[in-house]
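Residues per chain, in single letters:
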Amino acid sequence: MSAQTDAVTRDHERTQVGSLRHTLTVVWCGWRAALSGAAEYRGDLVTGTLVSLVWLGVSAVPSIVVTLHTDGAGGWTLPRLMYLLAIWYLMDAVMWIVIMPNIGQWGRQVQTGALDAVLLRPVRSLIMCSFGTLGVQDLPKVLLALGLAVGAVVTGGGPTSPAAVVASMICLVCGLVLMWAAGVLTSYKVLTQVQFDASFLLHAGHNLARVPTPLYGRTIQVLLTWVVPVSFVATVPAQVMFGMTSLWMVAAAVLVTAAVVLLVVVLWNREVRRYSGAMS
Amino acid sequence: MTAAPVAHDEPVAPRLDRTPVRGARYVARVAGALLRSEMQARAAYRAQLAIGAFGWVVPLAFMALWRGASDDGAVGGVTQAQFTTYFAIVLVTTSLSLGGGIIFGLSGRVHDGRLSAMLLRPYHPVIVPAAEELAGNVYRLPMLLVVVPTIIIAADGQTTGKPGDVALAVVVTVLGVAASSYLSAMVATIAFWMTKAHGVQGLLFGAEWVLGGMISPIALLPGALPAILAHQPLWYACGAPAEIIAGMGEHSWWLVAECAAWIVVLHLIFRQVWRRALRKHEAVGT
């Protein structure tokens, strides 16, 4: 009897309003609504996929042209560059599927008062504000990135070991989380300063990750690794996959990501406390 | 006794401005006035515009890639120092492009219905988004004039150092930007036929990346591409000035004549495209 009561209580706690599970359920509902809405624009999805495919080709051209003339750049052969491009493209997908449709709208939401309505909901505000909807048109980018990554690893002679694959995946997840965190960090100030816009820093960091950071030279590489963690977005996952760096970088990626997420949560909570609404 | 004449303040009819509302002089006057007004409007955000110039770093990423590739020696006859200068100048030319403003500025006005009011004014609606983008460039340019020479010096870039080359590069850039703006305006007219056209319209930027020489000097592209691509507006606006200043290949003032010919041809094509596009204009926002 007691065990049954405990189970019911635990179940009730899991779905308690305001809990993480409840927040994720609400987010999932938002995503389903976005997918249903996009179903009305199926032609748009086809056009979007073709455009994404063309852009992936355009992004691949520099690496291909480089390897037409040389063996690669700084030890980065064509398959390695393609694997890095696949990771970068996945980050680009995250940018246009999650970051821009949610975080990119905060300024407008503050001005119209729409953010007030979101903040009043009994859910985790940071998760709701940054994952509430999806940019459905860019979803095919994820599949394109995965296809390119598999092709690059196969033609590049495969990973050095199964551990390298796992380590690369861990770094990849860290990179995805860092992209989201960078999105929040460059936009959270808009809650108290309506005209604030530092999104150009997000785009700059993202574009610098297009090429392996060691190619920027020693000093800039150190800056792009330990000051602004651009390296952890695309370069480190690729280096780990092909055994180009120590596995200690995996631990570093996890630690850096944890520290940045902690910073994001602290700054967001502080900003929400200061937020007074700016509806016009 | 005669009364002294009394001076009356007769209402004077305002002198009508008889300037014709067409012709190159009139367009230049309107464009100048619009540019001044847009610059004043952007003056409040000048710091944001100047700092925003740092957001465009794609040429720097490709600079790193090609410098890495040329670490052991010249690639296709292009040295590491030339790659540095080439991509630094490409950073300038791509930052000053008017394409994005024209395409998305005009499309937005077509979709929300503002174009209807603009069509009543005695000048072409494309001039407005072009002036808006140009005004933003005025505030970005000083930042670039500091950053780009710093990059060239810090990364051991190499320039020809000839004043004639600099003059040629500047003239080709201006004419190239004008020619490629016509292409942008034509791509913008897709908005008359499609409600959601941003993705397709953005492909012009993809073309600019490859055909304009932003991802690599066109001389390094395979096959007959270098010979073909050296005679089109996207390259004049992006890669040509960079090649001239970096001292890559031989360039003469014939380039200017080519650019001018392209502008005339594109102007005539655009007039036809615009007429057809206007027939599709529904004069309501979507």
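Scroll up to find the structure this text is about.
Residues numbered from 1 in each chain as written. Chains lettered and ligands numbered in written order. Predicted model: local features only at pLDDT ≥ 70, side-chain atom pairs only at ≥ 80, totals over all residues.

What is the right way to read the overall build of chain B from this model?
When its secondary structure is counted, chain B shows 14 helices and zero strands. Counting from the amino terminus, chain B carries its helices and strands in the arrangement α-α-α-α-α-α-α-α-α-α-α-α-α-α. Projected onto its principal axes, the C-alpha positions of chain B cover 105 × 50 × 40 Å. In chain B, the share of contacts with a sequence separation of at least 24, taken over all contacts with a separation of at least 6, comes to 80%. (Helix = DSSP H or I, 4+ residues; strand = E, 2+ residues; numbered from the N terminus. Contact = placed C-beta atoms within 7 Å.)

Looking at this structure, I do not really get unusual backbone geometry. What am I missing?
When glycine is set aside, most residues are seen to have a negative phi, and most peptide bonds are trans. Residues and elements named next belong to chain B. In the Ramachandran plot, Asp156 falls in the positive-phi region, its phi being about 55° despite a non-glycine side chain. In this structure, Asp156 sits in the loop between α7 (127-154) and α8 (163-188). On the basis of neighbour counts, which here come to 11 C-beta atoms within 10 Å, the residue Asp156 falls in the exposed class. (Buried ≥ 20, exposed ≤ 12 C-beta atoms within 10 Å, placed from the backbone.)

Sorry if this is basic, but what is going on with the nonpolar core here?
For soluble globular proteins, the rule of thumb is that nonpolar side chains tend to be buried together. If you look at the biggest cluster of nonpolar residues, it comprises 143 residues, and the most contacted ones within it are Tyr83, Ala86, Ile87 and Met91 of chain A together with Leu65 of chain B. For this core, the element with the most residues is helix α4 (residues 78-102) of chain A, which contributes 17 residues. Those residues in contact with Leu65 of chain B, other than ones at most four positions away along the chain, are Pro62, Val66, Ala73, Val211 and Leu215 of chain A. (Core = buried A, V, L, I, M, F, W, Y, C linked by C-beta atoms within 7 Å.)

What is the right way to look at the interface of chain A and chain B in this model?
Buried accessible area, meaning the area lost when the parts come together, often serves as the stated size of an interface. Listed as interface residues are 27 residues of chain A and, on the opposing side, 30 residues of chain B. When contributions to the side of chain A that touches chain B are tallied by element, the ones reaching two or more residues are α3 (42-69) and α10 (199-208) of chain A. The dominant element in the side of chain A that touches chain B, judged by the number of residues it contributes, is α3 of chain A, at 13 residues. Of the residues that constitute the side of chain A that touches chain B, the class distribution is 17 nonpolar, seven polar and three charged. (Nonpolar A, V, L, I, M, F, W, Y, C, P; charged D, E, K, R; others polar.)

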